[in-house]
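What the coordinates show
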Amino acid sequence: MDLLIPDKVHDESRQGEALILEPGYKNNGRKLYIESYGCAMNFSDSEIVASILAEKGFETTSDFNNADVVFINTCSIRENAEVRVRNRLKEFAGAKFRNPGMVVGVLGCMAERLKAKFLEEEKLVDVVVGPDAYRSLPDLIEQVDSGQRAVNVLLSREETYADISPVRLNSNGINAFVSIMRGCDNMCSFCVVPFTRGRERSRDAYSVVAECRALFEAGYREVTLLGQNVDSYKWSGELADGSEQSAVGDKVKVVNFANLLEMVALVSPELRVRFSTSHPKDITDEVLHTIARYENICNYIHLPVQSGNSRILEMMNRTYDREWYMNRIDAIRRIIPECAISTDVITGFCTETEEEHNDTVTMMDYVKYDFAYMFKYSERPGTLAAKRYTDDIPEDVKQRRLAQIVAKQQQYSFYRMQARIGKIEKVLIEGFSKKSDKDYCGRSDQNAMVIFPVNENYKPGQYVNVLVERTTSATLIGTIV
């Protein structure tokens, strides 16, 4: 099935990707290998880690067998991610046996929950570091060099890494992620993020704008603002001098997400702005009107529904019901008529009946999502759901419900794509198509992947207008006009 979805929350094509940066001026003779799993936030964090260690003279390598320090940046959201990581660590252990001086470390979301297993029971790793402790990595590596195992999984109420300018790893030089906040205060019962990434805190608004401006000046043409829940972004501080003031007013000292979106959009009309992820309880009409007001803020919103049934949503502790979610969908359609909407769906949550599952099916009929990320419920240790509820839906029932949701989404993805035939899409060229160097690829304003023949007058990083002539369920195909 053609369900390749651009900008996936978990981009399967990047799972386990080894990240490389250009050699720096400092060089301590040691090589770093860093491999990432999970969401865009994890890949962004790997860039922060690489920046911290590049300052200490580390260079990167794409082969862990040649590395002096090997890190795996982990994810606890889905069970298969943990299985992958554990299997990968066994491969690293083999390399460490051949090179006893190698330092092997686990970073990120699995660090806190599995530190005892990694360090004591399985003895696979030397260093375990949580998402808020990356500044301590150089000291922890020194501890390991002196013969000790090292751990720092403390969560912070302040750390945002705002002062660290991330190196851009494996970058096309066109698209970049910019983290605007860390942590999460939403205690969704199925989710481990509040326990692995800590409490929510927003980054200094002016450091975000400065990073986006520096990226634009370096040739980047699209930024994606990242947060577990971008709509709850809120920063208080002294207003800076300069053009950004016009976005929030001369006397305002609190910057919300709508204000920040506007500040970033004002960097340049040639800089496209995307964001991920929104929460249905927090997305406001103010944000929607800001998107509608600026052409360079993309008409695309990822609005996870998880379930279409109010009782299940209450058990998930999502803090909205079916009617509230539909109200937000109606607001998007009213204020931004051309906006594409994607979502997350979980089937087979604890005690879910067939009637309640059908509420999710009818929600998909109501919204007709452009894309969806669909999963069957997988109990994660340490979550509220694992403590409160029995995972009582049989596996075959979960799978059947998931298959129904996937088939439904394929129908609507194709429907949304077909509606673009005959229209002209503004596309930012990202590079050659994966299948042919005779075709370019790039994304439309609505986040659809667009394929079109190479034209020698246009290069990656430029915008082009593409007439859509045909589609698959996930790709628009056309020609430059």
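Residues numbered from 1 in each chain as written. Predicted model: local features only at pLDDT ≥ 70, side-chain atom pairs only at ≥ 80, totals over all residues. Heavy atoms only, no water.

Attention now goes to the packing of helix α1 (residues 40-54) against helix α4 (residues 137-145). Contact geometry of α1 with α4 gives a least axis separation of 9 Å together with a crossing angle of 70°. Taken as axis vectors, α1 and α4 run roughly perpendicular relative to one another. Contact with α1, carried on its side by Val49, Ile52 and Leu53, involves Leu137, Pro138 and Ile141 of α4 and no other residues of that element. Of the residues belonging to the contact of α1 with α4, the class tally is six nonpolar, no polar and no charged. (Axes fitted to C-alpha atoms, helices over the stretch in contact; angles between N-to-C directions. Helix = DSSP H or I, 4+ residues; strand = E, 2+ residues; numbered from the N terminus. Parallel < 35°, antiparallel > 145°, perpendicular 65-115°, else oblique. Contact = heavy atoms within 4.5 Å. Nonpolar A, V, L, I, M, F, W, Y, C, P; charged D, E, K, R; others polar.)

The next point concerns the sheet that holds strand β15 (residues 300-302). Sheet architecture is open: three strands sit in the order β15-β16-β17, paired in parallel fashion. Looking at which strands have only one partner, the edges of the open sheet turn out to be β15 and β17 (371-376). Direction aside, neighbouring strands of the sheet carry axes that sit 10° apart on average. Judged from the three bridges that link them, β15 and strand β16 (residues 340-347) form a sheet pairing that is parallel. Looking at the pairing, tyrosine 300 lines up with alanine 340 of β16. Here helix α14 (residues 395-418) sits on the sheet in contact with β16 and β17, set at roughly 175° to β17. (Pairing = 2+ DSSP bridges.)

Packing of helix α9 (residues 285-293) against helix α11 (residues 322-335) leaves a shortest axis separation of 10 Å and a crossing angle of 25°. With respect to α11, the element α9 is oriented roughly parallel. Relative to α11, the crossing made by α9 is right-handed. Taking contact as the criterion, the partners of Asp285, Leu288, His289 and Ala292 in α9 are, on α11, Arg328, Ala331, Ile332, Arg334 and Ile335. (Left-handed = near helix turned anticlockwise from the far one by under 90°.)

With that settled, consider the nonpolar core. The tendency in soluble globular proteins is for nonpolar side chains to be buried as a group. Counting 60 residues, the largest nonpolar core has Leu225 and Ile301 as its most contacted members. In contact with isoleucine 301, other than residues within four places in its own chain, are Phe275, Ser278, Ile283, Leu288, Ile291, Ile332, Ile336, Cys339, Ala340, Ile341 and Ser342. Grouped together as the second largest cluster of nonpolar side chains are 22 residues, Phe92, Met102, Val104 and Met110 included. (Core = buried A, V, L, I, M, F, W, Y, C linked by side-chain atoms within 4.5 Å. Buried < 20%, exposed > 50% of the residue type's maximum accessible area, 1.4 Å probe, protein only.)

Our next topic: the environment of alanine 40. Relative to the elements of secondary structure, alanine 40 occurs in helix α1. Through-space distance from the C-alpha of alanine 40 to that of valine 178 is 9.9 Å; in sequence the pair is 138 residues apart.

Okay, the sheet that holds strand β14 (residues 272-276) next. The strand order β8-β11-β14 describes an open sheet built from three strands, whose pairing is parallel. Each having just a single partner strand, β8 (175-179) and β14 make up the two edges of the open sheet. Strand after strand, the sheet turns through a mean of 25° between neighbouring axes, direction not considered. In this structure, β8 lies alongside strand β11 (residues 222-226), joined through five bridges in parallel fashion. If you follow phenylalanine 177 over to β11, its bridge partner there is threonine 224.

Okay, the packing of aromatic side chains next. Inspection of the entire model under this criterion finds 12 aromatic pairs. Summarising the aromatic geometry, the rings of phenylalanine 257 and phenylalanine 275 are spaced 5.3 Å apart at their centres and angled 75° between planes, so their arrangement reads as edge-to-face. Residue phenylalanine 257 is located in helix α8 (residues 257-265), and its partner phenylalanine 275 is located in strand β14; the two are separated by 18 residues in the primary sequence. Ring centres 5.5 Å apart and planes at 25° place the aromatic pair phenylalanine 432 and tyrosine 440 in the stacked group. (Phe/Tyr/Trp six-rings, centres within 6.5 Å; stacked < 30°, edge-to-face > 60°.)

Moving on, we come to the side chain of threonine 74. Along the chain, threonine 74 turns up in strand β4 (residues 69-74). For threonine 74, a relative accessible area of 0% gives the class buried. Here leucine 107 takes part through its backbone oxygen, which lies 2.7 Å from a polar atom of the side chain of threonine 74. Beyond its immediate chain neighbours, meaning those up to four positions away, threonine 74 contacts Tyr37, Asn42, Val85, Val106, Leu107, Gly108, Cys109, Met110 and Ala111. (Polar contact = N/O pair within 3.5 Å; in protein donor to acceptor, adjacent residues only side chain to side chain.)

Glancing now at the confidence of the model for the protein chain. Chain-level pLDDT for the protein chain is 87 on average; 86% of the residues reach the 70-or-more range. The low-confidence segment residues 1-10, where pLDDT is below 50, has 36 contacts with residues more than four positions distant or belonging to other chains. Within the model, the stretch residues 242-246 combines pLDDT values under 50 with nine contacts to residues more than four positions away or in other chains. (pLDDT = per-residue confidence, 0-100.)

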